Each structure stands twice: as C-alpha cells, then as structure tokens.
Amino acid sequence: MPSSTTAASSRKTTARRATTARTKTPDAIALLRADHKEVSELFEQFEKSRSAAKKQQLVAQICTALTVHAQIEEEIFYPEVQAALKDKELVPEARVEHQSIKDLIAAVQGVEPDGEDYDAKVKVMSEWVKHHVKEEQNEMFPKAKKAGLDLAELGERLQQRKDELMAEQQQAH
C-alpha cells in the first residue's frame, strides 16, 4: 500500500498536469507550424473548389491567416531569431518573401473571382507560401531551436499577439 506522502504527491502531480494541459500554449515553432498547416489546407480546398463564392470565402480566410501570421513573425519571431543567430541572410530573405506574398494578397483580397487571372494569382501565392514555409521549417526553425531561444515564452507572446490581431480582423469585417 502506498504511503500517504506518495499518494498526496501523486495527486499534486496529476493536478499540476491537468492545469498545465488546459493552459499550455504551443511553443513558437509548433504555433507557426500549425499556421502553416492551416493555410496549406485552405489552399488545397481552393484548388478543389469550383464555386466562385466558395473560392472568395477561402481566399478571405487565406488572406487573413497569412496577414496575421506574417505580422506576428515580423513583429516578434524574426527579431528574436535574428538577434539569437546574428543572422544577416535568413530573416531578411524571409521578410522579402513576406512582401511578395503581401503584394499577391493585395491583388486578390476583396476581389471577385474572375477566372484565370484570379486563380493564377492564388496559385502563385500558394507556391510562394510553400517555398517560404519549406525554408522556415527546414532552415530557420532548426537554427532557432539550436540557438537556445525560449520557445515556450516566445510561443506565448506569438499567441497573444495573434489573438489580438484576429480580434481586430473580426471587428473589421
């Protein structure tokens, strides 16, 4: 039979795990990867869609998700990574890629789907995003992990800012 001390300790550990599981924010890389996956799935839905109304709705979701994602990376993640890595290449290149994607967002956001050019712009945006995601996930994220950044704390900051920006987007629409 376990001692009362062991049983009490076990209950505390279980209670602590339950509390942590409820309030745990993903670390920065897990959060950014989840965003990447969400946008990838939206692009896949767009590719399969034949309805102009559905395409317009998906593009609105894609544009919002990408805009918020780019902003939290540029405001919070990139400066931390750049400082930790003393980087002069990865982060500047990522910022330039973001600008190209923002230009494509501006070309399709709020626009009626009008055939080939609209679909082509969304397709090119999808390809740019895939390229950008591949570089982040294969190059930047592993280096950020090795650099010893506090990814849990960074994840909390990213999530908080993302929540703020998503709320602003909801109010704007």
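About the thresholds
Residues numbered from 1 in each chain as written. Predicted model: local features only at pLDDT ≥ 70, side-chain atom pairs only at ≥ 80, totals over all residues. Heavy atoms only, no water. 1 Å grid on protein atoms, 1.4 Å probe; cavity = no way out; pocket = protein on both sides within 12 Å on 5 of 7 lines; lining within 4 Å. Points joined across faces, edges and corners; volume = space filled by probe spheres on them. Helix = DSSP H or I, 4+ residues; strand = E, 2+ residues; numbered from the N terminus. Salt bridge = Lys/Arg side-chain N within 4 Å of Asp/Glu carboxyl O. Buried < 20%, exposed > 50% of the residue type's maximum accessible area, 1.4 Å probe, protein only. Axes fitted to C-alpha atoms, helices over the stretch in contact; angles between N-to-C directions. Parallel < 35°, antiparallel > 145°, perpendicular 65-115°, else oblique. Left-handed = near helix turned anticlockwise from the far one by under 90°. Contact = heavy atoms within 4.5 Å. Nonpolar A, V, L, I, M, F, W, Y, C, P; charged D, E, K, R; others polar.

Caption draft 1: Region of the structure containing empty space enclosed by the protein. Throughout the structure, instances matching the rule amount to two cavities of 30 Å³ or more. Taken as a whole, the largest cavity holds about 110 Å³ of empty space. Lining the largest cavity are Asp35, His36, Val39, Leu66, His69, Ala70, Glu73, His98, Ile101, Val129, His132 and Val133. Taken together, the elements giving at least two residues each to the lining of the largest cavity come down to helix H2 (28-48), helix H3 (52-85), helix H4 (90-108) and helix H5 (116-146).

Caption draft 2: Expanded view of the pattern of salt bridges. One pass over the structure, following the stated rule, counts nine salt bridges. For Glu74, the salt bridge goes to Lys102, with nearest N and O atoms at 2.9 Å. Taken together, the residues span a long stretch of sequence, with Glu74 in helix H3 and Lys102 in helix H4 at a distance of 28 residues. On the accessibility criterion, Glu74 (23% relative accessible area) is partly exposed. Taking the relative accessible area as the measure of exposure, Lys102 reaches 33% and is therefore partly exposed. With a shortest N-O distance of 3.3 Å, Arg157 and Glu80 are connected by a salt bridge. With Arg157 in helix H6 (residues 151-172) and Glu80 in helix H3, this residue pair connects regions lying 77 residues apart in the sequence. Of the residues examined, Arg157 reaches a relative accessible area of 29% and is grouped as partly exposed. Connected via shared salt-bridge partners are Glu75, Arg161 and Glu164.

Caption draft 3: Spotlight on the packing of H3 against H5. The geometry of H3 relative to H5 is characterised by a closest axis approach of 12 Å and an angle of 30 degrees between their N-to-C directions. As far as their axial angle goes, H5 and H3 are roughly parallel. For the pair H3 and H5, the crossing hand works out as left-handed. Facing Lys55, Gln56, Val59, Ile62, Leu66, His69, Glu73, Phe77, Tyr78, Val81 and Leu85 of H3, the residues of H5 in contact are Tyr118, Asp119, Val122, Met125, Val129, His132, Glu136, Met140, Phe141, Lys143 and Ala144. Of the residues assigned to the contact of H3 with H5, the class counts are 14 nonpolar, three polar and five charged.

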